[in-house]
Amino acid sequence: IQAPRLDPTSRYRLLLNTHRVRDFIDEVRPDVIEAGDPYHVAWTALRAGRELHIPVFGFYHSHFPEAYLRTVLKYGGKWLRDVVMEFAQRYITALYSQFHGTLVPSAHLRDLLLSWGIDNAETVHLGVDTESFCPGERDNDLRDELGLSHEALVLLYVGRLAPEKNIGTLLKAFQLVREQTKRDVQLVLVGDGPLRRKLPAVRKATGALTWKSYLNDNAALARYYRMADLFVHPGVHETFGLVALESQACGIPVAGIHGSYMDANVFAGGDYWARENSPAALAQTILRMSEDDLPALGLSASKIVHERFAWPVVLEVLWKHYHEAYDIESHPQFYGKVYHSPSS
């Protein structure tokens, strides 16, 4: 379904053609609907579920009010922030209370929604493709392709280059690390976004920054993880941190800043993490972690990620919710409608 991008560098699109969405739902006649959109498509899914008499789940992927509050604080101050948060809380509660279940990727975020009165919230982690994202020898061939020394300390970031991802703090921290160590420290960024405009100045100042646009192939992305020594995630508004799990699955530990829902998904090296959101604190985290046995940290984290977040493990939990909501034996009139053939 064609939809415009939210901005020229974004992978996200605004799905406006809800009539086509509804036509597709009527054509497929699903047994369960899961809505991942918190806006008008979510309301379309709820209406379709009521009319088709089937359960509809909402997946609360991110705590989107927090992403907007920094801009509100910058231009409007605390009073406007409080107004926006109050409106967002009322909207989120009104929407997600209507779903059969609200699936949340973080236990802490689930607890927040429960405190708002959304009593159908349940934790369901996001999954990791552990066949692609797995430990292996360091990819020195990719280092050669990127012009990076085998002896360099390579820092990696994967994700949107956007203000809500705290990219400015990452870039300043990287420059501080370069100033405070004699090691050859390189930063590789994979992703795109409005703050890509800041990269040329940092590259000119350090001569040590490499940028690659968005990769949509897991095998190619896994090579970048295994090429690096340390993954750096500066985000302070994360609700899950999937890229941090992918990195750990590949045996690469993560450096970051305490205080987001991502903290619960970091399984080695968390004691080093910055206690304040500042370039200096993040730089010290990177320097301290670089003195530890990074491969050992990464392998210990990788084992936990593979045990808890592999897709078969995650999907078992997800399907449990689906089956509880829609018992096939209780609704035989719907089962098999989509795939029924004349010969069967």
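It should be emphasised that the depicted structure is a prediction, and the values quoted were computed from it without experimental measurement.

Q: Whenever I open this one, the confidence of the model for the protein confuses me. Can you help?
A: Should pLDDT be low for a region, the predicted coordinates there are not to be read in detail. For the protein, per-residue confidence averages 89 on the pLDDT scale, and residues scoring 70 or more make up 91% of the total. Confidence over residues 332-344 falls short of pLDDT 50; this stretch has nine contacts with residues more than four positions distant or in other chains.

Q: In this structure, what is going on with helix H9 (residues 242-249)? I would like to understand it.
A: Structural remark: α-helix, 3.6 residues per turn; residues separated by three or four positions point the same way. By the criterion of burial, H9 is predominantly enclosed, with seven of the eight residues buried. Inspection of H9 places Val243, Ala244, Leu245, Glu246, Ser247, Gln248 and Ala249 among the buried residues, and these make up the whole buried set. Buried-residue contacts for H9 involve strand E5 (153-158), helix H8 (218-227), strand E8 (230-233), strand E9 (254-256) and helix H11 (294-309). One or two residues past the end of H9 sits Gly251, with phi positive at roughly 90°.

Q: What should I look at first to understand the packing of helix H6 (residues 167-180) against helix H7 (residues 199-206) in this one?
A: The geometry of a pair of packed helices is captured by two quantities: the angle between their axes and the separation between those axes. At their nearest, the axes of H6 and H7 sit 11 Å apart, and the two run at 0° to each other. By the angle between their axes, H6 is roughly parallel relative to H7. Between H6 and H7, the contacting residues are Leu171, Phe174, Gln175 and Arg178 on the first element and Leu199, Val202, Ala205 and Thr206 on the second. Its residues assigned to classes, the contact of H6 with H7 shows five nonpolar, two polar and one charged.

Q: I would appreciate a short explanation of the side chain of Ser290 in the present structure.
A: Mapped onto the elements, Ser290 comes out in helix H10 (residues 279-290). Judged by its relative accessible area of 14%, Ser290 falls in the buried class. At a separation of 2.7 Å, a polar atom in the side chain of Ser290 contacts the main-chain carbonyl oxygen of Leu287. Apart from the residues lying within four places of it in its own chain, the contact partners of Ser290 are Leu153 and Arg183.

Q: What is the right way to read the sheet that holds E9 from this model?
A: Working definition: the strands of a sheet are paired by backbone hydrogen bonds and lie parallel or antiparallel to each other. With parallel pairing, five strands are arranged side by side in an open sheet as E7-E6-E5-E8-E9. Of all the strands in the sheet, the pair left with one neighbour each is strand E7 (209-212) and E9. In this sheet, neighbouring strand axes are inclined to one another by 25° on average, regardless of whether the strands run parallel or antiparallel. Sheet topology note: the E5/strand E6 (residues 185-190) ladder contains six bridges and is parallel.

Q: Looking at this model, I keep getting lost on the environment of Phe231. Mind explaining?
A: With respect to the secondary-structure elements, Phe231 resides in strand E8. Residues Phe231 and Val154, spaced 77 residues apart in sequence, show a C-alpha to C-alpha distance of 8.6 Å. For Phe231, the contacting residues outside a window of four places in its chain are Leu156, Tyr157, Val158, Tyr225, Val243, Ala244, Ser247, Ile252, Pro253, Val254 and Ala255.

About the thresholds
Residues numbered from 1 in each chain as written. Predicted model: local features only at pLDDT ≥ 70, side-chain atom pairs only at ≥ 80, totals over all residues. Heavy atoms only, no water. pLDDT = per-residue confidence, 0-100. Contact = heavy atoms within 4.5 Å. Buried < 20%, exposed > 50% of the residue type's maximum accessible area, 1.4 Å probe, protein only. Helix = DSSP H or I, 4+ residues; strand = E, 2+ residues; numbered from the N terminus. Axes fitted to C-alpha atoms, helices over the stretch in contact; angles between N-to-C directions. Parallel < 35°, antiparallel > 145°, perpendicular 65-115°, else oblique. Nonpolar A, V, L, I, M, F, W, Y, C, P; charged D, E, K, R; others polar. Polar contact = N/O pair within 3.5 Å; in protein donor to acceptor, adjacent residues only side chain to side chain. Pairing = 2+ DSSP bridges.

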